[in-house]
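# Observations on the three-dimensional arrangement
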Amino acid sequence: MFDSYSGYRLLSRLFTVLAVSLLVGLLVGKVLWVMLLACIALLVWHYRQISRLNFWLWRDRRLTPPNGSGSWEGIFNGIYRLQGKNRKRVSQLAFLLGRFRQGAEALPDAAVVLDAEHNIIWCNKLAQLMLGLVWPQDNGQRIDNLLRYPDFSKYLKDNDYDEPFELTDGHTDGRVLEIRIMGYGAGQSLLIARDITRVRQLEGMRKEFVANVSHELKTPLTVLQGYLEMMQGMAEPNSPNVKAMEQMQQQTNRMRSMVEQLLVLSRIEDAQGVNLENKVNMTLMMETLKEEANALSLDRYTIDVKFEADLDIYGNELQLRSACTNLVSNAIRYTEPGGTITIAWQRVPLGAKFSVTDTGEGIAPQHINRLTERFYRVDSARSRQNGGTGLGLAITKHALSHHQSELQISSRLGEGSCFSFIIPNRLLIGEDAKDSVVGETS
Ligand code: ADP
C-alpha cells in the first residue's frame, strides 16, 4: 500500500526538524547557526530528491520511480500510482480499438475513416483490395489523391452526400463501385465502398431482355392482328364467331400497346441523361396536348387548358411529350364522363410547373407512393378495361428524372387528383437560364 498525500504529516516533519535544531541550538548556545545549518541540510536533501526525480524522468530506463523517503515518498509513490492508472487506461483503449477494427474488418464493404480534410485515418483490408490503398503507407494521404477520378473529387468537394456516388473503374474491366460517405464525430467521415458490378450487370441484362422480348413480340402480334381483321371482314354478321373475334381483336390491341409501352420504357431507361441543348417549344406541345385531350374526351369532359406563352425549356421533346400525354390520358381514363380536366403550364418560383387536375375517382393515400412502379395499378380490372398497361407513370417518372424533375401526386378519394412536375429554373429558356445551361453541358 502506497503512502498517500498528507499535508499534516509534511508539516509535522518540518516542525520536528526545526524543533530538534532549536533544541540542539539551545544546548550548544548557538540557536541561529544550528537552525541555519539544519535549513541548509534540509535544502540539500530536497535538491537531491529533485535531481533523483529528474534523472528518473529523463534518463533512467526503469519503469518504476526511485524509492523516496520522507516527504518525497508520497510524490514518488503518487507518480507510480498514476503510471499504473494510465497503463490500465491505455490497455482498455487498445482493447476497444482492437474490437472496433475487428468489427470493421468483418464488414462486407470497404471502409475508410477520413478526417475533415479527407485525409485517410484508417482503412480496412477490403478497402486495400477494392480501392488499391496501401496501409499504413497511405495513412494521412488525401483520398482523392489516391482515387484520381475528377467526378469523385467533385463529389467530395460538393459536400452533399445524400445520394451515393457511382464510380466506374475503367482500369479494372469496368468494375462499378457504389461509394457512400457518412459524417460523424468532429468533422470525421466514414467512406463505405461496395462492389455493385454484378447488380448493374443483372439490371442491364433485365433491361436488354425486356427490350428484346418486346421487340420480338411485335411481329407475331402484327401478323395475328392482320389475320384477325381479315377474318372479321369475312365472317357472317350473325355468326357466333363474331363476338369471339372481337374479343381477340381487343386483347391483341392490349398486348400491342403493352409491348409498345415496354419498348418506350426501355428506351427512356437506357438514355444516359438528356441533351440539355435541345429546345422544347412548350406552346406547341400544349396545343398538341389540347388536341389530344379533346380527341380522347369525345365531348364527354370539360377540357380546360391554361399556359403561359414563351415559357420554353431545354430537354428531350419526345420524353416530355410521353410524360405529359400519359398524365392527360390517365386523367381522362380515371374520371367519369361529365368531369373536368385542367391542364396547366405556368411559371412558379422554382421553375415552370406542368399540372393535370381532374375531378375523377381519386386515389387512396396508401397507393400514391407506389403508382410509379411498373405494372402497379390501384384496380387492375378497371385499368385493363380502359386500356391501361400499368406502365404509363413508370415512363413518366423516368422521363422526368432526365429533366431533373419529379412527379408530384396529390389526390383525394372521390374528389379528384392532381399530377404535376416542376422543370427547374436552370432548364428554362431565358437569358440567365441559357447561360447556366450552356455552362453546365459544355
Ligand atoms: P395504367 O396504364 O394502368 O393507367 P399508369 O402507370 O398510367 O397505368 O397508372 C398507374 C395507376 O395509377 C393506374 O392503374 C390508376 O390506378 C392510377 N392512376 C393514374 N392516374 C390516375 C388518375 N388521374 N386518377 C386516379 N387514378 C389514377
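Scroll up to find the structure this text is about.
Residues numbered from 1 in each chain as written. Predicted model: local features only at pLDDT ≥ 70, side-chain atom pairs only at ≥ 80, totals over all residues. Heavy atoms only, no water.

Moving on: the environment of Val280. One can find Val280 in strand 6 (residues 279-280). Classification of Val280 as buried rests on a relative accessible area of 1%. On a C-alpha basis, the gap between Val280 and Ile429 in space is 9.1 Å, while along the polypeptide they are 149 residues apart. Beyond its immediate sequence surroundings of up to four residues, Val280 is in contact with Met285, Asp312, Ile313, Tyr314, Gly315, Asn316, Glu317 and Leu320. (Helix = DSSP H or I, 4+ residues; strand = E, 2+ residues; numbered from the N terminus. Buried < 20%, exposed > 50% of the residue type's maximum accessible area, 1.4 Å probe, protein only. Contact = heavy atoms within 4.5 Å.)

Let us look at the nonpolar core. If you look at the biggest cluster of nonpolar residues, it comprises 48 residues, and the most contacted ones within it are Ile343, Trp345 and Phe354. Each of domain 3 (201-270) and domain 4 (279-441) contributes no fewer than three residues to this core. One finds Ala110, Tyr149, Leu177 and Ile181 within the second-largest nonpolar core, a separate group that totals 23 residues. (Core = buried A, V, L, I, M, F, W, Y, C linked by side-chain atoms within 4.5 Å. Domains from an automatic or database assignment.)

Around the ligand, the structure places 19 residues, and the nearest of them are Asn330, Tyr334, Ser383, Thr389 and Leu393. A distance of 2.7 Å separates an oxygen atom of the ligand from a polar atom in the side chain of Tyr334. Surface burial for the ligand is 98%, taken as the share of its 530 Å² of free accessible area covered by protein chains. Only helix 10 (317-333), helix 13 (392-401) and strand 12 (416-424) provide two or more residues apiece to the shell around the ligand. In terms of residues, the shell around the ligand owes the most to one element, helix 10, which gives three residues. (Near = heavy atom within 4 Å. Polar contact = N/O pair within 3.5 Å; in protein donor to acceptor, adjacent residues only side chain to side chain. Areas by Shrake-Rupley, 256 points an atom, 1.4 Å probe, with all protein chains shown as cover.)

For helix 1 (residues 7-28), with 22 residues, the first-to-last C-alpha span of 32 Å sits near the 32 Å given by 1.5 Å per residue. Looking one or two places after helix 1, you find Gly29, whose phi comes out positive at around 80°. (Expected span 1.5 Å × (residues − 1).)

Moving on to the sheet that holds strand 3 (residues 165-169). Here we have five strands laid out as an open sheet, ordered 2-1-5-4-3, and antiparallel in their pairing. In the strand order of this sheet, the two ends are held by strand 2 (120-123) and strand 3, each with one partner. Between one strand axis and the next, the sheet turns through 25° on average, direction left out of account. (Pairing = 2+ DSSP bridges. Axes fitted to C-alpha atoms, helices over the stretch in contact; angles between N-to-C directions.)

This brings us to the sheet that holds strand 9 (residues 340-348). Pairing is mixed across the open sheet formed by five strands, whose spatial order is 7-9-10-12-11. The sheet is open, and its two borders are formed by strand 7 (302-307) and strand 11 (408-412), each paired with just one other strand. Strand after strand, the sheet turns through a mean of 10° between neighbouring axes, direction not considered. Here helix 9 (residues 282-297) sits on the sheet in contact with strand 7, strand 9 and strand 10 (351-358), set at roughly 175° to strand 7. The strands touched by helix 10 within the sheet are strand 7, strand 9, strand 10 and strand 12, with strand 10 carrying the most contacts at an inclination of about 25°.

Once that is clear, we can look at the packing of helix 7 (residues 197-234) against helix 8 (residues 241-270). For the pair helix 7 and helix 8, the least separation of the axes is 9 Å and the interaxial angle reads 155°. Taken together, the axis directions place helix 7 and helix 8 in an arrangement best described as roughly antiparallel. Where helix 7 crosses over helix 8, the handedness of that crossing is left-handed. Classifying every residue of the contact of helix 7 with helix 8 gives 13 nonpolar, eight polar and eight charged. (Parallel < 35°, antiparallel > 145°, perpendicular 65-115°, else oblique. Left-handed = near helix turned anticlockwise from the far one by under 90°. Nonpolar A, V, L, I, M, F, W, Y, C, P; charged D, E, K, R; others polar.)

A few words now on the packing of aromatic side chains. Enumeration according to the criterion identifies six aromatic pairs in this entry. Arranged with centres 6.0 Å apart and planes meeting at 40°, the rings of Trp72 and Phe76 form a pair that is tilted. Of this pair, Trp72 and Phe76 both sit in helix 3 (residues 71-105), four residues apart, which is roughly one turn of the helix. Like Phe76, Trp72 is buried. Three or more aromatic residues joined by ring pairs make a cluster, and in this case those are Phe152, Tyr155, Tyr161 and Phe165. (Phe/Tyr/Trp six-rings, centres within 6.5 Å; stacked < 30°, edge-to-face > 60°.)

For the rest of this paragraph, the subject is unusual backbone geometry. With omega at 10°, the peptide bond leading from Trp135 into Pro136 counts as cis. Topologically, Pro136 is positioned in the loop between helix 4 (125-131) and helix 5 (143-146). Residues other than glycine seldom take positive phi values, yet Phe375 does so here, at roughly 60°. Position of Phe375 among the secondary structure elements: in the loop between helix 11 (365-368) and helix 12 (380-385). Residue class for Phe375 comes out partly exposed when judged on its relative accessible area of 38%.

Take the pattern of salt bridges next. This structure, assessed with the given rule, holds 12 salt bridges. We note a salt bridge from Asp60 to Arg62, for which the minimum N-O separation is 2.8 Å. Its salt-bridge partner being Arg374, residue Glu269 comes within 2.3 Å of it at the nearest N-O pair. Of this pair, Glu269 sits in helix 8 while Arg374 is found in the loop between helix 11 and helix 12, placing the two residues 105 residues apart along the sequence. On the basis of relative accessibility, which here comes to 12%, the residue Glu269 falls in the buried class. On the accessibility criterion, Arg374 (32% relative accessible area) is partly exposed. (Salt bridge = Lys/Arg side-chain N within 4 Å of Asp/Glu carboxyl O.)

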